[in-house]
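Residue-level structure breakdown
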Amino acid sequence: MKGMKNGVQIIQKPRSEITPAKKYSLLIILSLLTAVAIQNRINVESLMGGFLVACMLLAILYRDILRYKPQYMEKYNMLVLLGLMILTTIIMGRVSHYVLLNLSKGVGSLSVEGAVYGVPIAGGAMLVTLLFDFHTAIFFSFIVSLLSGLWLNDAIYPVYAFAGSLTAAFSVIRCKKRSALLKGGFYVGGANIVTAVVLLLFQGDLFTEKAVSTLVYAISTSISVTAVVSLLLPVLEYAFNVTTDISLLELLDLNQPLMKSLMINAPGTYHHSVIVGNLAESAAEAVGVNPLLTRVSAYYHDIGKIKMPDYFVENSSGMVSKHEKLTPHMSAMIITSHVKEGVELVRHQKLPQSIIDIIQQHHGTSLMTYFWQKAKDLAAGNHPSEEDYKYPGPKPQTRVAALVMMADAVEAASRVLTDPTPARITALVDRIINHIFLEGQLDECELTLKDISQIKTHFSYILTGILHKRVDYPGFDFSEEPKKGSKDSERGLAGEPQHALNVDEGYHKESSKAHKDKSQENKEGLPETPHIVQP
């Protein structure tokens, strides 16, 4: 659906629901393909049995996802990817086993029986951990291990495959760099050696010729697993549009085109975004969201301001605001447009959809009170519509988007604290977040009251560290300024008195002397409630 709000085109994509027919069709197709992949001989009975076993295992996986990871049920491509990962791991295992068998025969000095221990089955679990999560990787490891035992007709091998797969999943839980995959591969190799020794001891083959080839092939998995994951991960990320921590970390590189443009064209916004990232990331782990995704989203949330940086006060170097000569409605349209411009920029650079969503949602449907109040004053009784001075939204749909919204508001308002003591900072954070909550901006995300309390605590701690006081330097009196500058130093960036800012208006400050006498802070030195500016 398309529409216009405040001069900005709104495109609302209908929420696609995965019908039961699509889910069951996918289950049946994957079960049939898996049954074929594990066959050693093709006949109706064996194929039917393999199909039923695959159906049973995939149905258990489906119920687990439905119960513990329901977000994947809304993404059909992720379900397809997970099913293909199971199928591909089995096929990759069979191909590599065939290659290793022929290698053993060609070398002659290695026992053919040990070749199966060199199959990089654990690579599948490592990929699932990176592309999905650790919980899904555990169930994936269980299913693939059982299927590999069926294909090999070996009741011992699933133990080896499951131990290696679990180790692979554990080794990349906190993976932030592609070089960490090599480290994870060595962990897998170590686990496989230990498991192989235990199984050889159980079978009574520890001091036979089979043990030598088994241990050699188990050691080789440290390299083969790393190679498989390093090769397939970027392909799967691109093909299925999946964002991993590794790709998120690459977006923080200051040589990224958008980041470099933000630093050069809008340095004030860049500095603001960095602090917003620090605030949001500090609270991310406490509320159970990805800290890295939170930081990256905060860095890019105001990227649209690089189109017209001078219209946002943090980038303004002039004494007169550019909004002086504009009508309130035109100013509101310009301020609102940075969301739309940001979405277009990040889409052009092919950034993840999760970041695009947060850019759209980080202002929610909040009212630009300053411009609305100014429009009411100029209208002389003919009150303008609030809808013309609201952001198009939607409201934050995720906890990450809500964190970025709150961090954005808190960081902006903290700029006007005259005496930032810990008590005043805590009161400021409490006031701003309470207002966002009462305004209903958090109604559509999953934050609890306990989460909000923890967010306030983390924000207050970080801001207290940022806004701390320093001791006076002996021999320097920084309070002495030229007479011309002394007056300006007590005023805002545009040369006018500071007041509580509407953070959703890009911290715009009105420089009109007609409003000068009303723009004062309260007696405690705290800004007025956000979004309700008293110009």
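Reading guide: rules and limits
Residues numbered from 1 in each chain as written. Predicted model: local features only at pLDDT ≥ 70, side-chain atom pairs only at ≥ 80, totals over all residues. Heavy atoms only, no water. Helix = DSSP H or I, 4+ residues; strand = E, 2+ residues; numbered from the N terminus. Buried < 20%, exposed > 50% of the residue type's maximum accessible area, 1.4 Å probe, protein only. Contact = heavy atoms within 4.5 Å. Phe/Tyr/Trp six-rings, centres within 6.5 Å; stacked < 30°, edge-to-face > 60°. Lys NZ or Arg CZ within 6 Å of the ring centre and 35° of its normal. Polar contact = N/O pair within 3.5 Å; in protein donor to acceptor, adjacent residues only side chain to side chain. Axes fitted to C-alpha atoms, helices over the stretch in contact; angles between N-to-C directions. Parallel < 35°, antiparallel > 145°, perpendicular 65-115°, else oblique. Left-handed = near helix turned anticlockwise from the far one by under 90°. Nonpolar A, V, L, I, M, F, W, Y, C, P; charged D, E, K, R; others polar. Core = buried A, V, L, I, M, F, W, Y, C linked by side-chain atoms within 4.5 Å. Salt bridge = Lys/Arg side-chain N within 4 Å of Asp/Glu carboxyl O. 1 Å grid on protein atoms, 1.4 Å probe; cavity = no way out; pocket = protein on both sides within 12 Å on 5 of 7 lines; lining within 4 Å. Points joined across faces, edges and corners; volume = space filled by probe spheres on them. Expected span 1.5 Å × (residues − 1). Patch = residues over 30% accessible without salt bridge, like charges linked within 9 Å, V, L, I, M, F, W, Y side chains within 5 Å. Areas by Shrake-Rupley, 256 points an atom, 1.4 Å probe, with all protein chains shown as cover.

**Thoughts on the overall build of the protein**
For the protein, the helix and strand inventory stands at 19 helices and 2 strands. When each of the 535 residues of the protein is scored for burial, the buried share is 50%. In the protein, once contacts between residues fewer than 6 apart in sequence are set aside, the share between residues at least 24 apart is 74%.

**Comments concerning the packing of aromatic side chains**
Under the criterion given, the structure shown has 7 aromatic pairs. On the numbers, 5.3 Å between centres and 80° between planes, the contact of Tyr-72 with Phe-132 is edge-to-face. Of the two residues, Tyr-72 is situated in the loop between α2 (44–68) and α3 (76–107) and Phe-132 in the loop between α4 (122–131) and α5 (134–152); the sequence distance between them amounts to 60 residues. For the pair Tyr-72 and Phe-132, a shared accessibility class is recorded, and that class is buried. Over the ring of Tyr-76 we find Lys-22, and its NZ or CZ is 4.3 Å from the ring centre.

**A short note on the side chain of His-338**
With respect to the helices and strands, the residue His-338 is situated in helix α13 (residues 328–348). Here Ile-335 takes part through its backbone oxygen, which lies 2.5 Å from a polar atom of the side chain of His-338.

**Some points on the packing of α3 against α5**
Packing of α3 against α5 leaves a shortest axis separation of 10 Å and a crossing angle of 40°. The angle between α3 and α5 falls in the class oblique. As for the relative orientation of α3 and α5, their crossing is right-handed in sense. Counted together, Leu-82, Met-85, Ile-86, Thr-89, Ile-90, Gly-93, Arg-94 and His-97 of α3 and Thr-136, Phe-140, Val-144, Leu-147, Ser-148, Trp-151 and Leu-152 of α5 form the full contact between these two elements. Here the residues of the contact of α3 with α5 are counted per class, giving 9 nonpolar, 5 polar and 1 charged.

**Some words on unusual backbone geometry**
Look at the link from Gly-393 to Pro-394: it is a cis peptide, with omega at 10°. In this structure, Asn-153 is a non-glycine residue whose phi angle is positive, near 55°. Of note, Asn-153 is situated in the loop between α5 and α6 (157–171). Phi at Asn-241 takes a positive value of approximately 55°, unusual for a residue other than glycine. Residue position: Asn-241 is located in the loop between α8 (209–240) and α9 (245–251).

**Considerations on the nonpolar core**
If you look at the biggest cluster of nonpolar residues, it comprises 61 residues, and the most contacted ones within it are Leu-81, Met-126, Leu-130, Phe-132, Phe-140 and Leu-181. Sequence-distant contacts of Leu-130, defined by excluding residues within four places in its chain, comprise Val-172, Cys-175, Leu-181, Val-229, Leu-233 and Thr-244. Counting 58 residues, the second-largest nonpolar core is a separate cluster that includes Ile-356, Met-406, Ile-432 and Leu-463.

**Digging into the pattern of salt bridges**
Between side chains of opposite charge, a pair can form as their charged atoms come close. Applying the stated criterion across every chain, the model contains 14 salt bridges. Of the charged contacts in the structure, one is a salt bridge between Asp-205 and Lys-210, with a shortest N-O distance of 3.8 Å. Note on Lys-210: relative accessible area 13%, which makes it buried. Residue Lys-305 pairs with Asp-302 through a salt bridge whose shortest N-O separation is 3.3 Å.

**Looking at the layout of surface pockets**
The volume enclosed by the second largest pocket comes to roughly 430 Å³. Forming the boundary of the second largest pocket are 19 residues, of which Glu-237, Tyr-238, Asn-241, Ser-247 and Lys-350 lie nearest the centre. Secondary structure elements with two or more residues in the lining of the second largest pocket: α8, α9 and α10 (257–265). Across the lining of the second largest pocket, the residue classes tally to 10 nonpolar, 5 polar and 4 charged.

**Description of α13**
With 21 residues, α13 should reach 30 Å at 1.5 Å per residue; the first-to-last C-alpha distance of 31 Å fits that figure. Looking at the residues trailing α13, positive phi occurs at Lys-350, about 60°.

**Comments concerning a nonpolar patch on the surface**
Taken together, the side chains of Ile-91, Val-95, Tyr-98 and Val-99 define a hydrophobic patch exposed on the protein surface, amounting to about 400 Å² of accessible area. Looking at where Val-99 falls in the secondary structure, it is placed in helix α3.

**Structural notes on the packing of helix α12 (residues 291–300) against helix α14 (residues 353–361)**
Where α12 meets α14, the closest approach of the two axes is 9 Å, and the angle between their N-to-C directions is 55°. Considered as vectors, α12 and α14 are oriented oblique to each other. Between α12 and α14 lies a crossing whose hand is right-handed. For the pair α12 and α14, contact is made by Leu-293, Val-296, Ser-297 and Tyr-300 and by Ser-354, Ile-355, Ile-358 and Ile-359, respectively. Split by residue class, the contact of α12 with α14 holds 6 nonpolar, 2 polar and no charged.

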